[in-house]
Amino acid sequence: MAAVELAAMKIVLLGEQATGKSSMLVALYGALLNHRAGDTRIVRTIDEVEFLSRGLQALGRRESVHRTEIDGRSRLTIELARQERLATIELADRSGELVKNMLDTRTWDPELRRQLDEAAAAMLFLRADHIESIGHDGRITNGPSADVGPPAAEATDEPVGDGAAASADARPEPPPWSPSQMPPDVRAVDLLQSVLEDRATALPLAVVISAWDLAGGIAAAPPAVWLADHVPLLQQFLRTYAGQLPHRIFGVSAQGGDFRTDTSDAAESEDPWDRAYLVGPEGTQGTLAEPIVWLIETAV
Amino acid sequence: VRDPVDQLLFGYRDGHELIAGSRELSPPQLREVLPHIDASIERAEEQQLVGTWVPSLDGYLLARIWPAPERRRRGAAWGHALVLRSEQLRSRTLTGLPGLLRRPENERFDSYLAPLEWPSPVDLGAAERPLSRALVWVALDREDRPGVVLWDDPRAGEGTLVALLDALPSPARAGLSFRTRQEARPGSYRVVLAATMGARPDAEDVVVIDARRSPLSTPPSWTNLLDQGARASRQRVFIDRFGARDAATCAQVLALAIIAELLDARALPDRVIDTLVEGFPGPDQVRELRAALLGAADRYGGLWRLGEEERLTLLLGRPEHFDVVTLSVAERLAALVQTNPHGVLGVVERVRARGRGNPRDLDE
């Protein structure tokens, strides 16, 4: 029987900087190339994949994938085959700073807006260790500064512009509020609200909690439960707007562990596509292609 | 600080952002500046030099980007930018500016908070000839296309790019944007100098010159514009003198370079004037050059030795391109009638023979 070819589909990746978008793309590409994507096969790549190859090499050396620069135009365009069906998907890898600046300045980035207009589906990235947790003892753990944020020496607010001349012994004024101080879940909801304001049709959404190994990995609570526990505002928003934003929640560890701390022989000997893993909404382990497969099936 | 130049330091903190600076940026300015001052650099030794006009700043950004391996995020970078005000870009010598660009050390940013003093001019040295010729060739492309020059060490061309910017007449400087980088991503800048072609060009029509190989065709001689010799020096002086007011595009700078070369080579006057009206069709453009070429022979003899009859023939052959009042054509024809009546008839006949000019004007 001849394969049914589906229309080309664009999937927009939404997420601020260091939320795992590029790593996910690289790991997905590695999984597809090396037959670690279940019954989803890569038929051909349609675009420049140099950045993905370099990313895979970095993961192979147990190094993180390089960040995407603001003017970057990388994308993964591939033809996939699954159960007698062919689908061409395009995933543009734009810098997370675009989303960050958009939220900080309350102004759409024109390129991002164009991508959303053309997108049939989206992936929203949150990084597990960027989400603050309030423990039973009332102490806040995790948050951006726990990992990729600046070390203490960098974290001081350097004065810029008129405030630069303030003398060192002056009593520090609390910084004025700005959108950049909003926690990640509020910013995610803010982003999705902006998307909904601009969109008349439903947008299937795969929510990817990246660095899932830092959330507890395979033994952790299922991603849907984790989201309700740790990011309740986003979870409630998604539930409220389930009609416009049909969604599924996945936990993804594109690196398969923390390269700074996980130095076990087993981890070092594995290939990147064997280290990476995904946990589905209910906590079962799956392939990295599952979010894409679900988006294709939901959007069609 | 005399004639201060603003500076901005960008680096990776909560994303790639403005760390310190002598001025503030509005959100639209920040959005426009960030792509020019960010890079995800893989090679530890790579640096990038960027020059571009930023409309929202009403200024020209000259910046250098370095990798920041000391930051935890892989691909993090430092970017130090100078913001030249419009009048600074137009009127100042730019060669000392790259010396102001410096990478932060030891997390100390105090020195980035105040404007810097305009630097003294320096000799930027000369790049290897194939490289400098290729850069000039791409920068002055007749069709204003973006271009890529390939060279193993992109840093070797940095001085040439700044020298080229400095050699352009004031109005054209804002139109020359450039970036050096390891892998070219053409389209965003007028000139990209890179070691390899990276992604496919965004724009379809991109000029690519691999300066490491012998060119497929002989480069035009005006690509020697930045040579150290007397001829190139004369060309630069010519371009600066006659383009200072009206040469606003690289194509117009090219027209001036070609005119200078044609004059040097004593080419046919028709070719000189055709090049002039192609680059500057309006009668009000490059008035000084128009006068120097086709003004009265007894007043304007500096550029070429061309008689009054020939000058009037060239001028009346293209009346829509010249201001006949400013160039005193009627008075000059009247004077010619007095001194050489046959000469006037010769002018009319030659203009008619070339099929140019307005017949009624010629009859009058």
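Keep in mind it's a predicted model, so treat the numbers as computed, not measured.

1. Here's the deal with the overall build of chain B
Scanning chain B from terminus to terminus reveals 13 helices and 10 strands. Along the first, second and third principal axes, the C-alpha atoms of chain B reach 85 × 45 × 35 Å. Residues counted as buried form 55% of the 364 residues belonging to chain B. A separation of at least 24 residues holds for 62% of the contacts in chain B among residues at least 6 apart in sequence. Of the roughly 16,100 Å² of accessible surface on chain B, a fraction of 49% belongs to carbon and sulfur atoms. Taking the average location of the 48 positive side-chain charges in chain B and that of its 52 negative ones, the two points are 2 Å from each other.

2. With respect to the overall build of chain A
Counting its secondary structure elements, chain A contains 10 helices and 12 strands. A total of 300 residues make up chain A; the buried ones form 52% of that total. Long-range contacts, defined here as pairs at least 24 residues apart, represent 76% of the contacts in chain A between residues at least 6 apart. Summing over all exposed atoms, chain A offers an accessible surface of approximately 13,700 Å²; the carbon and sulfur share of this is 50%.

3. Considerations on the nonpolar core
Where a protein is soluble and globular, its nonpolar side chains tend to be buried together. Grouped together as the largest cluster of nonpolar side chains are 92 residues, with contacts concentrated most on Leu 84, Leu 140, Phe 178, Ile 273, Leu 289, Leu 293 and Trp 304 of chain B. With 11 residues, the single largest contributor to this core is helix α7 (residues 250-264) of chain B. With residues up to four places along the chain from it excluded, the contact list for Phe 178 of chain B reads Leu 49, Val 50, Gly 51, Tyr 60, Leu 62, Leu 161, Leu 165, Tyr 189 and Val 191 of chain B. Counting 44 residues, the second-largest nonpolar core is a separate cluster that includes Leu 25, Ala 27, Met 123 and Val 293 of chain A.

4. Quick word on the pattern of salt bridges
Applying the stated rule across the entire model yields 54 salt bridges over all chains. For Asp 39 of chain A, the salt bridge is made with Arg 82 of chain A, and the minimal N-O distance between the two is 3.2 Å. Pair noted here: Asp 39 of chain A is in the loop between α1 (21-33) and β3 (41-45) and Arg 82 of chain A is in strand β4 (residues 75-82), with a separation of 43 residues, a long-range link. Between Glu 17 of chain B and Lys 100 of chain A there is a salt bridge; the shortest N-O distance is 3.4 Å. Of the two residues, Glu 17 of chain B sits in strand β2 (residues 15-21) while Lys 100 of chain A sits in helix α3 (residues 96-105), which places them in two different chains. No difference in accessibility class separates Glu 17 of chain B from Lys 100 of chain A, as the two residues are buried. Taken together, the shared-partner salt bridges connect Glu 16, Lys 100, Asp 104 and Arg 187 of chain A together with Arg 13 and Glu 17 of chain B into one network.

5. Side note on the packing of aromatic side chains
Evaluation of the coordinates by the stated rule reveals 4 aromatic pairs over all chains. Residues Trp 212 of chain A and Trp 226 of chain A carry aromatic rings whose centres are separated by 5.8 Å and whose planes lie at 70° to one another, so their mutual orientation is edge-to-face. One end of the pair, Trp 212 of chain A, is in the loop between β9 (205-210) and α6 (223-230); the other, Trp 226 of chain A, is in helix α6, and 14 residues separate them in sequence. Positioned above the aromatic ring of Tyr 112 of chain B, the side-chain terminus of Arg 102 of chain B is 4.3 Å from the ring centre.

6. Re α1 of chain A
Because an α-helix completes one turn every 3.6 residues, residues spaced three or four positions apart along the sequence face the same direction. A rise of 1.5 Å per residue sets the reference length of α1 of chain A, with its 13 residues, at 18 Å; its end C-alpha atoms lie 18 Å apart and thus fit the reference within 8%. Of the positions making up α1 of chain A, those classed as buried are Lys 21, Ser 22, Ser 23, Met 24, Leu 25, Val 26, Ala 27, Leu 28, Tyr 29, Gly 30, Ala 31 and Leu 32 of chain A.

7. Points about unusual backbone geometry
Phi is positive for Arg 106 of chain A, close to 60°, though the residue is something other than glycine. Note on placement: Arg 106 of chain A falls in the loop between α3 and α4 (110-118). Notably, Glu 107 of chain B is not glycine yet its phi reads approximately 60°, a positive angle. Looking at where Glu 107 of chain B falls in the secondary structure, it is placed in the loop between α2 (86-91) and β6 (116-117).

8. Let's talk about the environment of Ala 251 of chain B
Residues and elements named next belong to chain B. For Ala 251, the position within the fold is in helix α7. Owing to a relative accessible area of 21%, Ala 251 belongs among the partly exposed residues under this scheme. In this structure the C-alpha to C-alpha distance between Ala 251 and Phe 280, which are 29 residues apart in sequence, comes to 9.9 Å. Aside from chain neighbours lying at most four places away, what touches Ala 251 is Arg 142 and Asp 144.

9. So, the environment of Ala 58 of chain A
The topology assignment puts Ala 58 of chain A in helix α2 (residues 50-60). Separated by 130 residues in the primary sequence, Ala 58 of chain A and Ala 188 of chain A place their C-alpha atoms 29 Å from one another. Ala 58 of chain A has contacts with Glu 63 and Ser 64 of chain A together with Arg 74 of chain B, leaving out every residue within four places of it along the chain.

10. Some thoughts on the packing of α7 of chain B against helix α8 (residues 269-279) of chain B
Residue and element names in this part refer to chain B. For the pair α7 and α8, the least separation of the axes is 9 Å and the interaxial angle reads 170°. For the element pair α7 / α8, the angle class is roughly antiparallel. Residues Gln 252, Ala 255, Ile 258, Ile 259, Leu 262 and Leu 263 of α7 form the contact with α8, whose own contacting residues are Arg 271, Val 272, Thr 275, Leu 276 and Gly 279. When grouped by side-chain class, the residues that make up the contact of α7 with α8 number 7 nonpolar, 3 polar and 1 charged.

11. Comments concerning the side chain of Gln 182 of chain B
All names here are of chain B. Secondary-structure assignment places Gln 182 in strand β8 (residues 178-184). Exposure remark for Gln 182: the relative accessible area of 18% places this residue in the buried category. Discounting chain neighbours no more than four positions away, the residues touching Gln 182 are Arg 43, Glu 46, Ala 194, Ala 195 and Thr 196.

12. With respect to the packing of α1 of chain A against α2 of chain A
Residue and element names in this part refer to chain A. Close contact between α1 and α2 brings their axes to 9 Å; oriented N to C, the two are set at 90°. Relative to α2, the element α1 is oriented roughly perpendicular. Residues Leu 25, Val 26, Tyr 29 and Gly 30 of α1 pack against Leu 52, Ser 53, Gly 55, Leu 56 and Leu 59 of α2.

Reading the values: the criteria
- Counting of residues starts from 1 at the beginning of each chain's written sequence and follows it residue by residue.
- For this description, chains carry letters from A and ligands carry numbers from 1, given in the order in which they are written.
- At least 70 in pLDDT is required for a residue's local features to be given in this predicted model, at least 80 for side-chain atom pairs to be given and counted, and no such filter applies to totals for whole chains, interfaces and linings, which use all residues.
- Processing note: side-chain calculations cover all non-hydrogen atoms of the structure and skip hydrogens and water entirely.
- Runs of H or I in DSSP of at least four residues are treated as helices and runs of E of at least two as strands, each being numbered from the N terminus.
- Each residue's exposure class comes from its accessible area (1.4 Å probe, protein chains only) as a fraction of the maximum for that residue type: buried when under 20%, exposed when over 50%, partly exposed otherwise.
- Residue contacts are counted whenever heavy atoms from the two residues lie within 4.5 Å of one another.
- In these tables, accessible area is a Shrake-Rupley quantity obtained with a 1.4 Å probe, and a residue counts as shielded only by the protein chains included in the view.
- When charges are counted, neither His nor the chain ends are considered; positive counts come from Lys and Arg and negative counts from Asp and Glu.
- For this purpose, a charge sits on NZ of Lys, CZ of Arg, CG of Asp or CD of Glu.
- As used in this record, nonpolar core signifies buried Ala, Val, Leu, Ile, Met, Phe, Trp, Tyr and Cys residues forming a set joined through side-chain atoms within 4.5 Å.
- A carboxyl oxygen of Asp or Glu within 4 Å of a side-chain nitrogen of Lys or Arg is what we treat as a salt bridge.
- When two rings of Phe, Tyr or Trp (its six-membered ring) have centres within 6.5 Å they constitute a pair, described as stacked for plane angles under 30 degrees, edge-to-face for angles over 60, and tilted for the intermediate range.
- The rule for a charge over a ring is simple: NZ of Lys or CZ of Arg within 6 Å of the ring centre, and within 35 degrees of the ring normal.
- The span you would expect from a helix comes to 1.5 Å times its residue count less one.
- Note on definitions: angles span 0 to 180 degrees between N-to-C directions of axes, and those axes are lines fitted to C-alpha atoms, for helices only across the stretch in contact.
- If an angle is under 35 degrees, it is roughly parallel; if it is over 145, roughly antiparallel; if it lies from 65 to 115, roughly perpendicular; otherwise it is oblique.
- In this classification, Asp, Glu, Lys and Arg are treated as charged, Ala, Val, Leu, Ile, Met, Phe, Trp, Tyr, Cys and Pro as nonpolar, and every other residue, Gly included, as polar.

By themselves, these figures tell us nothing about what the structure is for.
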